[in-house]
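Analysis of the macromolecular model
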Amino acid sequence: IARYIKDNDKEIKRVVVEGHADERGTREYNLALGERRAQAAKNFLVGAGVPAKKLTIVSFGKENPEDDASN
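Our subject in this report is the structure included herewith. (Residues numbered from 1 in each chain as written. Predicted model: local features only at pLDDT ≥ 70, side-chain atom pairs only at ≥ 80, totals over all residues. Heavy atoms only, no water.)

As a further point, take the overall build of the chain. Regarding its fold elements, the chain presents two helices and two strands. When the 71 residues of the chain are sorted by exposure, 30% land in the buried category. Considering only intrachain contacts with a sequence separation of at least 6, the fraction spanning at least 24 residues in the chain is 70%. (Helix = DSSP H or I, 4+ residues; strand = E, 2+ residues; numbered from the N terminus. Buried < 20%, exposed > 50% of the residue type's maximum accessible area, 1.4 Å probe, protein only. Contact = heavy atoms within 4.5 Å.)

See the structure below:
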């Protein structure tokens, strides 16, 4: 993913990195967990050479799960 973003630098203006959680835990906990997950992915991409200014993080907590399974 990092290579693709770097190779298409002119076409890709902004990348949104999403953090998700499942239904366990409180709303606040899950939002914080989603944010930590998104930040970790952003840090990885920045470490791989993607400019931080291209990356925005967002946490959906349990409101918008990537997978509706509980495991």
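Next comes the rest of the description.
Attention shifts here to the pattern of salt bridges. Under the counting rule described, the total for this entry stands at two salt bridges. One salt bridge connects Asp 22 with Arg 24, and the closest N-O pair in it is separated by 2.4 Å. A residue is classified by how much of its surface remains accessible, and Asp 22, at 16% relative accessible area, is buried. With relative accessibility at 51%, the residue Arg 24 sits in the exposed group. (Salt bridge = Lys/Arg side-chain N within 4 Å of Asp/Glu carboxyl O.)

The terminal C-alpha atoms of helix H2 (residues 27–47), which comprises 21 residues, lie 30 Å apart, in line with the 30 Å expected from a rise of 1.5 Å per residue. All of the buried residues along H2 are Asn 30, Leu 33, Gly 34, Ala 38, Lys 42 and Leu 45. Phi turns positive one or two residues past the end of H2, at Gly 49, with a value near 105 degrees. (Expected span 1.5 Å × (residues − 1).)

With respect to the helices, strands and loops of the structure, Asn 30 is situated in helix H2. Judged by relative accessible area, Asn 30 falls into the buried class, the value being 1%. Of the polar contacts made by the side chain of Asn 30, one reaches the backbone oxygen of Arg 24; its length is 2.8 Å. (Polar contact = N/O pair within 3.5 Å; in protein donor to acceptor, adjacent residues only side chain to side chain.)

Mapped onto the secondary structure, Lys 42 falls in helix H2. Glu 35 provides the closest opposite charge to the buried, unpaired Lys 42, separated from it by 9.6 Å. With near-sequence residues (within four places) excluded, Lys 42 lies in contact with Val 17, Ala 52, Leu 55 and Ile 57. (Lys, Arg positive; Asp, Glu negative; His and termini not counted.)

Looking now at the environment of Gly 47. If you trace the backbone, Gly 47 turns up in helix H2. On a C-alpha basis, the gap between Gly 47 and Ala 2 in space is 9.3 Å, while along the polypeptide they are 45 residues apart.

In short, shape yes, function no, at least from these values alone.
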